[in-house]
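Examining the three-dimensional arrangement
Here's the letter readout for the chains.
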Amino acid sequence: MKKSCAIAYVTILESFRRKDPYVVIILGFAIVLGAGLFNYFGVKGLDKFVKDVGFTVTNVLVIVICVATAARQLPSEIANRTLYPLLAKPVSRTAVFLGKYLGVGIMASAVVLVFSVELLVLFAVLGISVGGVFFQAVYLRVLSVWFITAMVLCLSLVLTPGANVTVSLLLCLAMQTFANTIVTVHSELTGVSLRATEIIYWVVPHLELFDLSKKVIHGWPLVPWWVILAMTLYGATYSGVFLVLGCTRFCRIAL
Amino acid sequence: MPETVPPVIEITDLWVEYKTPGRRLTAVSGLNLSIDKGEVVGFIGPNGAGKTTTIKVLIGFLSPTRGQVRVFGERAGGIEARRRMGYLPEVALYYPFLTAREALRLYARLADIPPDGREETISALLGRVGLTGREDESLRTFSKGMLQRVGIAQAIMGAPDLLILDEITSGLDPVARHDVRKLLLEFKARGKTVFFSSHELSEVTLLCDRVILIDAGKVIEERSLDTLMDLIQRYVTVAEIESLPDSLPEGVFLQSVQGKRYSFVAESPKGQTELATMLEGLDARVVSTGQEAGSLEDYFVRTIGHKIT
Amino acid sequence: MWSKAVGLLMMAGVGLCAALAHLSAPWFEAKGDFRQEEIEAAQESIALSLMGQLQLTAGSLLWLKTLEYLHNGVAYRAPTKTEEEAGATMHESVDTPGGLAHKDGLPMVPDKNRDWRGFAGDLQREIMPYQEHITHSDPKELIPWYRLAIRLNPNLERLYTLGAFFLADFAHEPDEAMRTLEAGVEANPWSFEIHASLGRLYFDYHQALGIEPREAYERTAALLTKAIDLGDKEKAALEKRGEQLDPLQQQLLGESYLFLARSYTELGRYEDALRVCDDGLRKTSYSLLRVQRRATEKAQRGEGTGESSRASPANTQQQDTQPCEVYEQPRALSHC
């Protein structure tokens, strides 16, 4: 575990020295601030609009930076051969893989937290109140970046970085929306297509379940504790699946 | 009964095959070699001979298609085997966003160097490879030679029992090469085992106890350095004769002519004996005889049929 | 230093290009009066679809977003054929006055009684906004989305009418509402809905808009006359295709007759008012026109001089922030 932490530390250091998180955080803040301060619509007190823009920007940028960072980790190590001196040391490939996972996950979680603080400050300045559900939304978003990181790291061992970013972003979009489509058309299906659709529904991860932003935007109360527990287990399970798949693949790659 | 120490490296019938689209490429075919504790072994061969592939199998970057590879009696690539070895790759980049000190700190943590004294170890290593004063600069600013020094530092970190070096002096200036040789000789003096590949045959003669010549994935020749040097020994005879005969014995060459003084070179004692018989028949007056070291490169070119590059 | 200079130059270049594009945009505008049929045909054109579908789709998505906002984040959809046949219960609103109670379809997150997913469905009902009955939020929050949707699709008429409704009644910005409807009239000169809404705005909010009553009623009369004319044409065009005006349009047409009659009454043009009531009753069967007819006759008898009644409730509205309450006429909320 210590060795994974050492690799995670270097991964985080790389992200910050490349200045990726800074760019994203500043850009996000600028967009949200603009939404809050620029009264384009000639109407005051548009709380929901500001919250909506804030969460949309946050969600999109967090997913983008998570995917972009995770997608390049292992391929660049292999291409640049920085992996050679690393793996010549008494450290397992599993530890290296987990270290990368930890590093990207911690960095992306930090970005989520920074965005959340930015939003809270902005809302406070504009006199917009948010309930406790805001913090639940932040927690679920943090869970989702860990799951996305695992998925992208796993895919990075079979796809080039560019293809991985494209495919992963499309998968994230699809995972946000496919569930509603299946639920809507379910009653119209029969036979094999019904079974196949249900299998897809149960197997494919549901990213929309990690998104509490609508409840925050529209001022809903806290969700029950069992929901948070269930989502934690759900996220951990899918992260585990992708980690196992990725680790297995990474341990068998010829360098 | 004295306990036998297993070889540090033991390779038995190693085969490594790569699957490329449409065909199967055999990089190593039936390689056998054994290296004992304290030996310094040079591993030489032309490009594509299978040197780097063999080294990758020893480290664990590749799995053998067939055969058995053991390091310190353990399966090659295992954690315990890697704990006792240091590796310098032929071409390696180190994280450009780290400083030299940070990079060595990372490798020290991975090599289980205890936290107490870790920083002192790193400082000493940086001094040893001539990077004092540059330790807090980003590796992005380092030249190839300086990166190679960082590589050497991480390879010798923790005083490993086995040092595996792939193209040891590639990219180094002459001063740095001298330092590396000195370092390896120190290792040798301390009874450590060194296994290195190199194109520089002069490195081989200066450092090795044994030389393994590999080509097309197979060991072509394996000799101790003394035996090899004997093999490539040349016998020089300078004699005064009236005129040069039409032909010379096999393995004997004319090196130079100065008036009536001819300098002959025989590649073997047999050739020298035949030369002596010829000169006796010509009533020659032998001015001097001696021995000189032959060209290792010439020897290998003859052995494997093409240049080592 | 050079890289920074190049970067700054590029930013300046981009800014210059943006300024040039803004200045030259009017030269590239397609000027011309398009009829409604031409716009509809263009929207269905494959070539234009390829170029403009993304914009139209984005506009439609924003339109859906306004509905989501209105319903506290809960998204609704029309039931599928199978669901209709199975008798799926559509959600009803519980917080609107009687005249505005409506059903909005089925929630995107299914009700527990028709959810095949068990625990997963319960989970989703807790995470996504879900309610068993429809409730509404402050419509003021919809305004930015209407504005954005109009920018993307200036030919979606209901965006203007609903946007203006929320601006006037909830955001208390009748000036903004007026400007929105005027822009809508310019972009959609064939739209009877927008003309009718603008006419109603002048009638209800003339004090807040700082317009003299007489002028306001004359403007209302002109607009509602045009609205009725356009409405009749649209009705005829739909009937030719075997279709009808939707319920909201039918109500709007009826109200146009009603408020035209009221405007004429306020202006003392009683004969015109009575004629409008009779026309309206014949064409729309809007029952309130009978009430208006009696009110006009009463005013005609009472005045005898043709002057407008000072006791007209429209003239006695305080601050004109509330719609006219004479008949407790609810202003309809429209839904897709």
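Remember, it's a predicted structure, so these values are computed and weren't measured experimentally. (Residues numbered from 1 in each chain as written. Chains lettered and ligands numbered in written order. Predicted model: local features only at pLDDT ≥ 70, side-chain atom pairs only at ≥ 80, totals over all residues.)

Turning our attention to the overall build of chain C. Tallying secondary structure elements over chain C gives 13 helices and two strands in all. Across the 336 residues of chain C, 34% fall into the buried class. Across chain C, every contact between residues at least 6 apart in sequence was considered, and the portion connecting residues at least 24 apart equals 67%. (Helix = DSSP H or I, 4+ residues; strand = E, 2+ residues; numbered from the N terminus. Buried ≥ 20, exposed ≤ 12 C-beta atoms within 10 Å, placed from the backbone. Contact = placed C-beta atoms within 7 Å.)

When helices and strands are tallied, chain B shows ten helices and 14 strands. The principal-axis extent of the C-alpha atoms belonging to chain B is close to 80 × 55 × 45 Å. Looking at chain B alone, contacts between residues at least 24 apart form 68% of all its contacts between residues at least 6 apart.

Residues and elements named next belong to chain C. In this model, chain C carries an average pLDDT of 79, and 78% of its residues clear a pLDDT of 70 or more. Mean pLDDT across the elements of chain C bottoms out in helix 2 (residues 36-44) (67) and peaks in helix 9 (residues 192-209) (94). The model gives residues 304-336 a pLDDT under 50, and that stretch makes 48 contacts with residues more than four places away or in other chains. Per the prediction output, this complex has pTM 0.79; the corresponding ipTM is 0.87. (pLDDT = per-residue confidence, 0-100.)

Residues and elements named next belong to chain B. What the four strands build is an open sheet, ordered 12-13-11-14; its pairing is antiparallel. Looking at strand neighbours, the two that pair on one side only are strand 12 (252-258) and strand 14 (285-293), the edges of this open sheet. Neighbour to neighbour, the strand axes of the sheet diverge by 20° on average, direction disregarded. Relative to strand 13 (residues 261-266), strand 12 is paired through six bridges, and the arrangement is antiparallel. Across the sheet, the residue bridging to Val252 is Ala266, located in strand 13. Sitting on the sheet, helix 9 (residues 269-281) touches strand 11 (233-240), strand 12, strand 13 and strand 14, and the angle it makes with strand 11 is about 10°. (Pairing = 2+ DSSP bridges. Axes fitted to C-alpha atoms, helices over the stretch in contact; angles between N-to-C directions.)

Further remarks concern the nonpolar core. Within soluble globular proteins, side chains that are nonpolar generally end up buried alongside one another. Membership of the largest hydrophobic core comes to 151 residues, with the highest contact counts inside it found for Val62 and Cys66 of chain A together with Leu104 and Ile164 of chain B. What Leu104 of chain B contacts, discounting residues up to four positions off in sequence, is Ile122, Leu125, Leu126, Ala153, Gln154 and Met157 of chain B. Membership of the second largest hydrophobic core comes to 52 residues, among which are Trp145, Ala171, Met178 and Ala221 of chain C. (Core = buried A, V, L, I, M, F, W, Y, C linked by C-beta atoms within 7 Å.)

Interpreting fine coordinate detail is not advised for predicted regions of low pLDDT. The pLDDT averaged across chain B works out to 85; a share of 93% of its residues lies at or above 70. Within chain B, the lowest mean pLDDT, 69, falls on helix 10 (residues 296-304) of chain B, and the highest, 95, falls on helix 3 (residues 100-110) of chain B.

On to the packing of helix 3 (residues 47-80) of chain A against helix 7 (residues 161-185) of chain A. All names here are of chain A. As a packed pair, helix 3 and helix 7 sit with axes 9 Å apart at the nearest point and diverge in direction by 145°. For the crossing formed where helix 3 meets helix 7, the hand is right-handed. Judged by residue contacts, Ile63, Val67, Ala68, Ala71, Arg72 and Pro75 of helix 3 engage Pro161, Asn164, Val165, Ser168, Leu169 and Cys172 from helix 7. Classifying every residue of the contact of helix 3 with helix 7 gives nine nonpolar, two polar and one charged. (Left-handed = near helix turned anticlockwise from the far one by under 90°. Nonpolar A, V, L, I, M, F, W, Y, C, P; charged D, E, K, R; others polar.)

Below, the discussion takes up the environment of Val167 of chain A. All names here are of chain A. The topology assignment puts Val167 in helix 7. For the pair formed by Val167 and Val67, sequence separation is 100 residues and the distance between their alpha carbons is 9.9 Å. In this view, Val167 contacts Leu155 and Leu159; residues no more than four positions away in its chain are not counted.

Chain A puts 21 residues into the contact, and the matching count from chain B is 23 residues. Counting only elements with at least two residues in the side of chain A that touches chain B, the list comes to helix 1 (2-18) and helix 4 (83-87) of chain A. Element by element, the count of residues in the side of chain A that touches chain B is highest for helix 1 of chain A, at seven residues. Its residues placed into classes, the side of chain A that touches chain B shows twelve nonpolar, three polar and six charged.

This brings us to the sheet that holds strand 4 (residues 66-71) of chain B. Residue and element names in this part refer to chain B. Pairing in this open sheet of four strands is antiparallel, and the strands run 2-1-4-5 from one edge to the other. With partners counted over all chains shown, the strands left at the sheet margins are strand 2 (23-35) and strand 5 (74-75), one partner each. Judged from the five bridges that link them, strand 1 (residues 9-20) and strand 4 form a sheet pairing that is antiparallel. Looking at strand 4, one finds that Ile9 is bridged to Val71.

This part covers the pairing of strand 1 of chain B. All names here are of chain B. For strand 1 and strand 2, the ladder comprises ten bridges, and the chain directions are antiparallel. The partner of Thr20 across the bridge, within strand 2, is Arg23. The hairpin formed by strand 1 and strand 2 contains two residues between the paired strands, and Gly22 there has a positive phi angle of roughly 95°.

Interface size is often expressed as the accessible area that is lost when the parts come together. Each partner contributes residues to the interface: chain A has 23 residues there, and chain C has 25 residues. Where the side of chain A that touches chain C is concerned, the elements lending two or more residues are helix 3, helix 7, helix 9 (213-217) and helix 10 (225-252) of chain A. Looking at the side of chain A that touches chain C residue by residue, the classes come out as 13 nonpolar, six polar and four charged.

If you check helix 7 (residues 157-169) of chain C, its first and last C-alpha atoms are 19 Å apart, about what 13 residues at 1.5 Å a residue would give, namely 18 Å. Of all 13 residues in helix 7 of chain C, eleven are buried; the element is thus mostly enclosed. (Expected span 1.5 Å × (residues − 1).)

In this section: the packing of helix 1 of chain A against helix 3 of chain B. Interhelical geometry of helix 1 of chain A versus helix 3 of chain B gives an angle of 160° and a closest axis separation of 9 Å. Viewed along their axes, helix 1 of chain A and helix 3 of chain B adopt a mutual orientation that is roughly antiparallel. As helix 1 of chain A runs across helix 3 of chain B, the sense of the crossing is left-handed. Side by side, helix 1 of chain A and helix 3 of chain B meet where Lys3, Ala6 and Val10 of chain A of the first sit next to Leu106, Arg109 and Leu110 of chain B of the second. A per-class count over the contact of helix 1 of chain A with helix 3 of chain B returns four nonpolar, no polar and two charged. (Parallel < 35°, antiparallel > 145°, perpendicular 65-115°, else oblique.)

Let us now look at helix 5 (residues 119-127) of chain C. Along helix 5 of chain C, the residues classified as buried are Gln124, Arg125, Glu126 and Ile127 of chain C. Taken together, the buried residues of helix 5 of chain C touch helix 10 of chain A.

Glycine aside, residues mostly have negative phi, and peptide bonds are mostly found in the trans state. Residues and elements named next belong to chain B. Positive phi is not limited to glycine here, since Phe72 has a value of about 55°. Relative to the helices and strands, Phe72 is located in the loop between strand 4 and strand 5. With 22 C-beta atoms packed within 10 Å, Phe72 lands in the buried category. Even without being a glycine, Ala159 presents a positive backbone phi close to 45°.

For the rest of this paragraph, the subject is the environment of Ile12 of chain A. Residue and element names in this part refer to chain A. With respect to the element layout, Ile12 can be found in helix 1. Under the C-beta neighbour-count criterion, Ile12 is labelled partly exposed, with 19 such atoms within 10 Å. It is 9.0 Å that separates the C-alpha atoms of Ile12 and Lys100, two residues lying 88 residues apart in sequence. Not counting chain neighbours up to four residues away, the residues in contact with Ile12 comprise Gly103, Ile106 and Met107.

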